Structure formats: structure tokens, C-alpha cells
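The primary structure of each chain is shown beneath.
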Amino acid sequence: MKKVLTIGEVLVEIVATTRGEGFLQAQPLVGPFPSGAPAIFIDQVGKLGTPCAIVSRVGDDDFGRVNIERLSADGVDVSGIEIAPGETTGSAFVRYREDGSRAFLYNIRHSACGKIRPTPASEALVEGCGHLHVMGSALSVPDLGGMVMDAARRIKARGGTISFDPNLRPELLDAPGMRRALEAVLAMTDLFLPSGEELFLFDAAGDEAGAVEALLGRGIRSIVVKRGAAGASLFQNGLRVDAPPLAVEELDPTGAGDAFGGAFLAFWLADADPAQALRLANAAGARAVTRLGPMEGTSNRAELDALLQDPKG
Ligand code: ATP
Ligand code: MG
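Attention in this report is confined to the structure presented alongside it. Every chain's residues receive numbers from 1 upward, in the order its sequence appears when written. Labels follow written order: the first chain is A, the first ligand is 1, and so on. Only residues with pLDDT of 70 or above have their local features reported here, since the model is predicted, and side-chain atom pairs are shown and tallied only from 80 upward, although totals for entire chains, interfaces and linings are computed over all residues. Only hydrogens and water are removed before side-chain values are computed, so all heavy atoms of the structure are retained for them.

Glancing now at unusual backbone geometry. Residue Gln27 is joined to Pro28 through a cis peptide bond whose omega torsion reads -10°. Here a strand is any run of E in DSSP of at least two residues, a helix any run of H or I of at least four, and the numbering for each starts at the N terminus. In this fold, Pro28 is placed in the loop between strand 2 (11-16) and strand 3 (29-35). Cis geometry is found at the peptide bond from Gly31 to Pro32, where omega equals 5°. Positive phi outside glycine occurs at Asn167, with the angle close to 45°. Mapped onto the elements, Asn167 comes out in the loop between strand 9 (161-165) and helix 6 (170-173). Notably, Asp271 is not glycine yet its phi reads approximately 60°, a positive angle. Inspection of the secondary structure puts Asp271 in the loop between helix 9 (256-269) and helix 10 (274-289).

What follows is the structure, encoded as C-alpha cells:
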């Protein structure tokens, strides 16, 4: 089995437990929870027993340790997480507006993970891994974008594969060079995991079928569209499979896309039946929303099977 690598932010997340138009209204806050889209993703891959690693950077502090302990317990190789003395681990605050949409407040750029850089350990992982998962959010951080692109080119040149989740928080889209970086990654992508409108990022005109066809025409092997509480769809080889949503109670939707992506990738790399991979990933996304805290709802195989048998639990 190919070893999966991802590169990007490891954070703690503090979550508002009530809706409100500001953090002072959306009290109380809970956390810190282990977080960072690449971290949640790779935690889900590890929980399914697929060999995997993350390259990141944290401070020599409790927030960094919370993440390293969780990821290693779940089977992730953490040798590529650099511990930077005197720096602070990144953080994010999330609150839900009255309409249910989310507002994020990030401390990434000026934290340890804003300075992720190549190290001997990260170089060894780029050489040793056969699959790279790219998160759009990582491309918005200065220098990190270049490092991700370099890893993608090297892994691809060795016959490896690339998955890509644009993961575009509006707060991150305007970063310099972001559009160009997204295009360059797409050109190397084997498995594309957009959520909703991200399907139209590269081709604003047209309907869903047209956008899918255009993307498959660019050489992407599989496209999985995440639709939040409406489930997900898989397109590959003239095949379309839909996964209706599992009827779970949504407590905290943050991280669902990352858990979904990690699970789908694990089964995709294992050459599972596409419909089965989609069903299991749909369960991973559904289970993720039932837990408060973005990484608290990642699942092992038994938990996915149990949810599919009885969504009401
Ligand atoms: P994020 O970026 O916050 O991690 P996302 O936008 O990338 O999220 P979503 O589409 O929100 O990803 O969720 C991923 C998948 O999780 C969905 O396609 C679906 O399979 C599952 N899912 C999400 N929300 C629900 C829900 N309320 N009920 C059932 N399944 C859900
Ligand atoms: Mg997402």
C-alpha cells in the first residue's frame, strides 16, 4: 500500500457552542481541540490503518503536544512535525452565525505552522511516500505553497498519485498567487474532492455534468463532490454513484469534509469498489458531524460499519 503524505497546518481549534453574530455572543467556547484540515484528514487515513504521515510545524507547547499525541495514537507518522522552541502552535476560532454558516478567526501566518519549511525529516517523507494529499488552505500560506508544489511534482514524477481538496474558506481565497497555485495542482490531480461550488472553480460556466466532464477531460481519474447534509457523488469512467445522506444529528460540521476525504482516499488507494468507498466515506463524513471538535469524529472501520448498519446508533 502506498504511504500517504500531507503537508500543512496543525492547529488547535476553539469552538463556539451557541450561534451568534460575534464571539462575545456565541458563548461559551469549548476546546482547544486538535485541528487543521490536513491534520484531520491524515488522522482519518491513519485510523483506517493506511500508512501515512504529515509534515507540519508546532511550538514546544501544550497545543502542539495535544496534536502530536492524538495523531501518533491514531497511526500517523509524526516524524515530519517540526517542534519550534519559542514559537506558538497555530490556532483557529470558529463560530456559527444565526443562518448556520461559519466564521473563522485564524492564527496561522504568525504561528509555528506559518513557517513550515523543508527539514531532513520532511525530505525523507517526500522521498518515501507514494501519494500526496494537497489542501487548498495550505497553498495560501507564503512559502508553504511552493513546498507543497515541489513535493507534488516529485511524487508525481516517481509514478505516485495526488489527491486535492480545494478547501477554500473565503477568508483564504484572496491570498497572493492562490489561483495560479490551484490551477497547477489541478493539473497533477488524480482524485479531486471539491465541496459544492468548488466544482466550478476552474470552469465558472456550465452545469454540474459539464463541469465534471471538463475535469475528467483534464486527466483527473475520480471526482467526488461533497454536498454537506445532502450526501456525496462520485464520478469516474462514465460512472456516477450517489450516496444519500445518513440521517445523523449534526452537532458540529467542521472537519466533515476532511474526514470524508481521508476515508475515501484510504479505500480508493486500496482499490475498493467505488460505490463501497463512497458509502464508507459518506459514513465518515456523517459521523464527523455528530461530535463537537473537528477531529473528534474521525472513525475506524468498525465505527463506519456500525453507523451504516444503524445511523440512529
Ligand atoms: P469542511 O471543509 O468543513 O471539512 P466540506 O465542505 O469539505 O467540510 P461537507 O460537504 O460539509 O465537506 O461534508 C463532507 C461529507 O460529510 C458530505 O459529503 C456528507 O457525505 C457528510 N456530511 C456532512 N454533513 C452531513 C450531515 N449533516 N448529515 C449527513 N452527512 C453529512
Ligand atoms: Mg472542505
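Continuing now.
What follows deals with the nonpolar core. If you look at the biggest cluster of nonpolar residues, it comprises 45 residues, and the most contacted ones within it are Leu5, Ile7, Leu132 and Ile223. In terms of residue count, helix 5 (residues 144-157) provides more of this core than any other element does, seven residues in total. Between two residues, a contact is recorded if the distance between any of their heavy atoms is within 4.5 Å. If we ignore the near neighbours within four places in the chain, the residues touching Leu132 are Leu5, Thr6, Ile7, Val148, Ala151, Ala152, Ile155, Thr161, Ile162 and Ser163. Grouped together as the second largest cluster of nonpolar side chains are 44 residues, Val76, Ala232, Ala286 and Met295 included. Take the buried Ala, Val, Leu, Ile, Met, Phe, Trp, Tyr and Cys residues and link them wherever side-chain atoms come within 4.5 Å; each set so joined is a nonpolar core. Exposure is judged per residue with a 1.4 Å probe applied to protein chains only, and the accessible area is read against the type maximum: over 50% gives exposed, under 20% gives buried, and values in between give partly exposed.

Attention shifts here to the side chain of Asp74. Residue position: Asp74 is located in the loop between helix 2 (62-73) and strand 5 (81-84). Counting rule for charge: Lys and Arg are taken as positive, Asp and Glu as negative, and neither His nor the chain ends is counted. In what follows, salt bridge is the name for a side-chain nitrogen of Lys or Arg lying within 4 Å of a carboxyl oxygen of Asp or Glu. No salt bridge forms around the buried Asp74; measuring N to O, its nearest opposite-charge neighbour Lys47 is 4.3 Å away. If sequence neighbours within four positions are ignored, Asp74 has contacts with Asp43, Gly46 and Lys47.

A separate point is the pairing of strand 9. With five of five residues buried, strand 9 lies mostly within the body of the structure. Residues Thr161, Ser163 and Asp165 line one face of strand 9 and the alternating positions Ile162 and Phe164 line the opposite face, and both faces are buried. We treat two strands as partners when DSSP finds at least two bridges between them. Bridge analysis of strand 8 (residues 131-135) against strand 9 gives five bridges, and the strand direction is parallel. Its bridge partner being in strand 9, His133 is matched across the sheet by Ser163. Bridge count between strand 9 and strand 10 (residues 191-192): two bridges; the pairing is parallel.

Another point: helix 9. For a helix, the expected span equals 1.5 Å multiplied by the number of residues minus one. The end-to-end C-alpha distance of helix 9, which contains 14 residues, comes to 20 Å, matching closely the 20 Å that a straight helix rising 1.5 Å per residue would cover. Among the 14 residues of helix 9, 13 are classified as buried, and the element is accordingly described as predominantly covered. One or two residues past the end of helix 9 sits Asp271, with phi positive at roughly 60°.

Structurally, the position occupied by Lys3 is in the segment before strand 1 (4-7). Residues Lys3 and Arg301, 298 residues apart in the sequence, show an inter-C-alpha distance of 18 Å. Ignoring any residue separated from it by four or fewer positions in sequence, one finds Lys3 in contact with Pro51, Cys52, Ala53, Asp77, Leu125, Gly128, Cys129, Gly130 and His131. As used in this structure description, the phrase polar contact means that two N or O atoms lie within 3.5 Å; if the pair is within protein, one of them must be able to donate a hydrogen and the other to accept it, and residues adjacent in sequence are counted only when both atoms belong to side chains. Looking at Lys3, its side chain comes within polar contact range of the side chain of Asp77, at 2.8 Å.

Next up on the list: the packing of helix 10 against helix 11 (residues 301-309). To get an axis, fit a line to the C-alpha atoms, keeping to the stretch in contact for a helix; angles then go from 0 to 180 degrees between the N-to-C directions. In the contact formed by helix 10 and helix 11, the axes pass within 9 Å of each other and the chain directions differ by 90°. When the interaxial angle is binned, helix 10 and helix 11 end up roughly perpendicular. Contacts between helix 10 and helix 11 involve Gln276, Arg279, Leu280, Ala283, Ala284, Ala286 and Arg287 from the former and Arg301, Glu303, Leu304, Asp305, Leu307 and Leu308 from the latter. Comment on the angle field: the value is read as roughly parallel under 35 degrees, roughly antiparallel over 145, roughly perpendicular from 65 to 115, and oblique elsewhere.

One pass over the full model with this rule turns up 20 salt bridges. Across the salt bridge formed by Lys226 and Asp165, the nearest N and O atoms sit 2.8 Å from each other. Here Lys226, found in strand 11 (residues 222-226), pairs with Asp165, found in strand 9; they are 61 residues apart in sequence, far enough to count as distant. Among the residues examined, Lys226 registers a relative accessible area of 9% and is labelled buried. The partner of Arg227 in a salt bridge is Glu208, with the nearest N and O atoms 2.9 Å apart. Note that Arg227 is positioned in the loop between strand 11 and strand 12 (232-236) and Glu208 in helix 8 (residues 208-217), a separation of 19 residues in sequence.

Taken together, 24 residues form the shell around ligand 1, and within it Arg102, Gly228, Gly231, Glu250 and Asn282 come nearest. Ser195 places a side-chain nitrogen or oxygen 3.2 Å from an oxygen atom of ligand 1. One nitrogen or oxygen atom from the side chain of Glu250 is found 2.8 Å from a nitrogen atom belonging to ligand 1. Reported accessibility uses the Shrake-Rupley method at a 1.4 Å probe radius. Residues are deemed covered only where the shown protein chains occlude them. The fraction of the free accessible surface of ligand 1 (630 Å²) that becomes covered by protein chains is 92%. Residue assignment for the shell around ligand 1 shows that the elements contributing at least two residues are helix 9 and helix 10. All amino acids are sorted into three groups, where Ala, Val, Leu, Ile, Met, Phe, Trp, Tyr, Cys and Pro are nonpolar, Asp, Glu, Lys and Arg are charged, and the leftover types, Gly among them, are polar. Here the shell around ligand 1 is composed, by residue class, of nine nonpolar, nine polar and six charged. What makes a residue near a molecule or strand is one non-hydrogen atom of that residue sitting within 4 Å of it.

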